[in-house]
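# An overview of the molecular structure
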2 protein chains.
Amino acid sequence: MRKKQPTQADVAKLAGVSQSTVSIILNPQGKDHLLISDETRERVQAAIQELSYVINPAARTLAGGQNRLIGVCINGSAFPLDQHGFYHPYLVGIEEACIGHDYDMLLFTRSDGGEGARSIYRNGLNHLRIADGSILLGLENKEELARLMKEEYPFVFIGKREVPEGAISYVAADYYTGTKAVLMKMLGMGHRQTAFFYRLYNDATKDRERGYLAALANRTDPGLLHVKRQLTDKEITPAYCREVLDAGVTAILVEEPVMAHAFIEAARLIGRTSPADFSIVALSDNDLAYLPPAILHELVMLKIPKLAMGAAAVQILDQMIAQRHKPQEPVQITIPVTFSEGSTIGPHFVRREI
Amino acid sequence: MRKKQPTQADVAKLAGVSQSTVSIILNPQGKDHLLISDETRERVQAAIQELSYVINPAARTLAGGQNRLIGVCINGSAFPLDQHGFYHPYLVGIEEACIGHDYDMLLFTRSDGGEGARSIYRNGLNHLRIADGSILLGLENKEELARLMKEEYPFVFIGKREVPEGAISYVAADYYTGTKAVLMKMLGMGHRQTAFFYRLYNDATKDRERGYLAALANRTDPGLLHVKRQLTDKEITPAYCREVLDAGVTAILVEEPVMAHAFIEAARLIGRTSPADFSIVALSDNDLAYLPPAILHELVMLKIPKLAMGAAAVQILDQMIAQRHKPQEPVQITIPVTFSEGSTIGPHFVRREI
DNA sequence: CTGAAAGCGCTTACAG
DNA sequence: CTGAAAGCGCTTACAG
């Protein structure tokens, strides 16, 4: 049987003061704190020592209204067995920022509906509310997001998400500027025929596509060719590769490093290499664990600032929580991206037909 | 303006019942639960949906209920940057078991006192109590453990911990049996002169040492030599290696794989190899990321069942939480270990002096 | 400077 | 079957 813990009332009795005096002494930020005499303070501290009193966090939370809990809802496992967690870098940033802002981190494992796919409204019940605010990673269910929004629960999405019902707060990587910049650079190197291959057409793809198109917008050269299409990994065959290259494409942008890897391998089989025959760049740095080290060093990749994104999400949430009694506008942040050094991009020299 | 969160009172009003009826419905384990009519239950559930009500964990805790929250307090980062987290495999097991037992997982990031070292009683406040029970990993501060114990807060330590104040619940790897078994095997292979090198003398070392001594206990052969000492990584030099081997030691047990690696390297420099000249085994599989792949495959290592240990901790805690109103005995579990296949152990043939 | 009191949102006897 | 009420241990106006 668990004994009852000493309470502020016990401390107060021992020190010969009222319970509220104990509370005031224990909350130095309160405005009454300065008014307590040193002599009283010492008597109370002594009583606290004497009883080894510790404050009851649940009671404090209940009386004060906050949990100092930030929820994290991932569409998958936070601790995957293979350690190459897609979400890991975000979580690193989140954990660090939680420490910095004095929050505990609540992983919503209960929202697991099996197969690792997670849902906010399991049992039709938003139990995110247990946390003062939550960070959402990779949830695809836009209906749930819309519903969360309507409930005015403070949450921040990591990655861009647009729902028809209105603006939600998010922290995204600036794929638009990144993609535009790298393509501009390639155009500046003499490339004229370009291709953009994506895997799934999602909100991030949309931004990359906008960047891609923006870089091309001012080009009026005749004879330009711009391929843009969805491509599954299996479709990246030597034959398709030959088709693309023979059509004259020399600058290739793919969304994922593994796509770039597949492309480079396929090209090698038909005797084409990068950057001699074509330049290629990956517009993310996901799933690097699946690439051979050689490719890892060669490939030019867009580096997603995952740590910074995680940390920014906590910061935004912290502000939302602090101002939770005032009207709130959604906060949407895009963080600049950089590119890794690599050798898969080079100048294009027009071959002269003889 | 964010609205106040809906409470049971709001739900009750909407459903036209009393607040306590809502509470009873929300706590199916209570004895009154069966007495509520289906019709009432449905009306209340509908109201809950309608308002997106979710229970306030602080209030529930304060009033004596449960949160379905399992706390995890690690002495370090749960999401370290390099992804080779020492704690990662435990966390995998904990997360899985939390899903299985329907708990959310609360990472106590607030207990970080800087430098990643974490403390339960930061500000003299045990805020673990917001969780129904907690799992502790790697905390070295035995005073804090003793204090936690006195408070009768349900917690389980991962790894063996003994404090003078009494028994605490833990889940440990069975180093004793593992060490004893592997040494028995080596003795069976003809080894007579053995050495046991450890790094820090902690509770796990103590168990390994007991296993080591137990295996030797029945040996009465004359001329036995048993070295046992603490060894820092830097002390593992070719010179020391020569000293040990020339003294006649042929069976070496080291606590950490990196120690084994250092030993093998040092031995190679003086022309001795394993298993021809000596047999060596590591009594853990920690920090494998720092070993070259070749060693990884050769070295015989004790495999710590980290996933199983994490999962077992959750299970124990779940039972402690369920029985929290009854007197509790500490639960101490040791989980059997296995050894990896490897080639660093072999038979010893006595060399005949000519 | 200090205390009495309301209230945070629940659970759980207790009474009907 | 359901409700009124006490109480969990705090914080925070409010009153002296």
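In what follows, the structure referred to is the one given above.
Below or above, wherever it landed, is the structure these notes cover. (Residues numbered from 1 in each chain as written. Chains lettered and ligands numbered in written order. Predicted model: local features only at pLDDT ≥ 70, side-chain atom pairs only at ≥ 80, totals over all residues. Heavy atoms only, no water.)

## Notes on the protein's contact with DNA strand D
Definition in use: Note on definitions. A residue lies near a molecule or strand when any single heavy atom of the residue is within 4 Å of it. Whenever a nitrogen or oxygen atom comes within 3.5 Å of another N or O atom, the pair is scored as a polar contact, on the condition that within protein one atom can donate a hydrogen and the other can accept it, and that pairs from neighbouring residues in sequence are kept only if both atoms are in side chains. For helices the rule is a DSSP run of H or I covering at least 4 residues; for strands it is a run of E covering at least 2, with both sets numbered from the N terminus onward. Residues are grouped as follows: nonpolar covers Ala, Val, Leu, Ile, Met, Phe, Trp, Tyr, Cys and Pro; charged covers Asp, Glu, Lys and Arg; every other residue, Gly included, is treated as polar.
Q19(A), S23(A), Y53(A), S18(B) and T40(B) are the nearest of the 26 residues found near DNA strand D. Protein-adjacent atoms of DNA strand D, using a 4 Å cutoff, are sugar or phosphate at a proportion of 66%. Within the contact set of DNA strand D, a phosphate oxygen lies 2.5 Å away from a side-chain nitrogen or oxygen of Y53(A). Contact distances for DNA strand D include 3.4 Å between a base oxygen and a backbone N or O atom of A63(B). Secondary-structure elements contributing two or more residues to the surface near DNA strand D are helix 2 (19-26) and helix 4 (57-64) of chain A together with helix 2 (19-26) of chain B. Counted by class, the surface near DNA strand D contains 12 nonpolar, 12 polar and 2 charged residues.

## Comments concerning the protein's contact with DNA strand C
Surrounding DNA strand C, one finds 26 residues, the nearest of these being S18(A), T40(A), Q19(B), S23(B) and Y53(B). The sugar-phosphate portion of DNA strand C accounts for 66% of its atoms within 4 Å of the protein, the bases making up the rest. Here N27(B) contributes a side-chain N or O atom positioned 2.8 Å from a phosphate oxygen of DNA strand C. Considering every element that reaches the surface near DNA strand C, the biggest residue donor is helix 2 of chain B, with 4 residues. Here the residues of the surface near DNA strand C sort into 12 nonpolar, 12 polar and 2 charged.

## Digging into the interface of chain A and chain B
Heads up, the condition is: Residues are treated as being in contact if the distance between any of their heavy atoms lies within 4.5 Å. Buried area counts how much accessible surface, traced with a 1.4 Å probe, disappears from two parts once they are put together, with both parts' losses summed. Think of a salt bridge as a Lys or Arg side-chain nitrogen and an Asp or Glu carboxyl oxygen that are within 4 Å of each other. Strand pairing is defined by DSSP finding a minimum of two bridges between the two strands.
Taken together, the contact pairs 63 residues of chain A with 66 residues of chain B. Counting the surface lost from both chain A and chain B, the interface buries some 5,700 Å², and carbon and sulfur atoms represent 55% of this. Applying the counting criterion to the chain A and chain B interface returns 0 salt bridges. Applying the counting rule to chain A against chain B returns 16 residue pairs in polar contact (both at pLDDT 80 or more). Those elements that place two or more of their residues in the side of chain A that touches chain B are helix 4, helix 5 (88-100) and strand 2 (104-107) of chain A. With 7 residues, the top contributor of residues to the side of chain A that touches chain B is helix 5 of chain A. Pairing of strand 2 of chain A with strand 2 (residues 104-107) of chain B involves 3 bridges; the strand directions are antiparallel. Within strand 2 of chain B, the position partnered with M105(A) by the bridge is L107(B).

## A closer look at helix 1 (residues 8-15) of chain A
Residue and element names in this part refer to chain A. What counts here: We call a residue buried when its accessible area falls under 20% of the maximum for its residue type, exposed when it is over 50%, and partly exposed in between, using a 1.4 Å probe and counting protein chains only. The arc in question is the one traced by the directions running from the helix axis out to the C-beta atoms.
Taken together, the buried positions of helix 1 are occupied by Q8, V11, A12 and A15. Within helix 1, the buried residues cover an arc of 100° as seen down the axis, which keeps them to one side. Packing partners of the buried residues in helix 1 comprise helix 2 and helix 3 (38-51). For helix 1, the N-terminal cap is T7; the gap from its side-chain oxygen to the backbone nitrogen of A9 is 3.2 Å. Of the residues flanking the end of helix 1, it is G16, one or two places downstream, whose phi is positive at about 70°.

## Observations concerning the sheet that holds strand 12 (residues 338-339) of chain A
Sheets are built from strands that pair by backbone hydrogen bonding, the pairs being arranged parallel or antiparallel. Residue and element names in this part refer to chain A. Filter applied, for reference: An axis is simply a line fitted to the C-alpha atoms; with a helix, the fit covers only the stretch in contact. Between two such axes, the angle follows the N-to-C directions and lies from 0 to 180 degrees.
Taken together, 6 strands build an open sheet; the order of strands is 7-6-8-9-10-12 and the sheet is mixed. Each edge of the open sheet is held by one strand with a lone partner, namely strand 7 (225-230) and strand 12. With 6 bridges joining them, strand 6 (residues 193-198) and strand 7 adopt parallel strand pairing. Residue pairing across strands places F196 opposite K228, the latter belonging to strand 7. Contacting strand 6, strand 7 and strand 8 (251-254), helix 8 (residues 203-217) crosses the sheet at an angle of about 175° to strand 6. Helix-sheet contacts for helix 10 (residues 257-269) involve strand 6, strand 8, strand 9 (279-282) and strand 10 (300-303), and the interaxial angle to strand 9 is about 155°.

## A short note on the relation of the copies chain A and chain B
Quick note on the threshold: Superposition of the copies used a least-squares fit over C-alpha atoms from residues whose pLDDT is at least 70 in both.
Taken as rigid bodies, chain A and chain B are interconverted by a rotation of 180° and an axial shift of 0.4 Å, the fit giving an RMSD of 2.0 Å. These values place the two chain copies in the arrangement generated by a two-fold rotation axis. No C-alpha of chain A lies nearer the rotation axis than that of L106(A), which sits 2.9 Å from it. By residue overlap, the copies meet face to face through one surface: 95% of the interface positions of chain A are interface positions in chain B.

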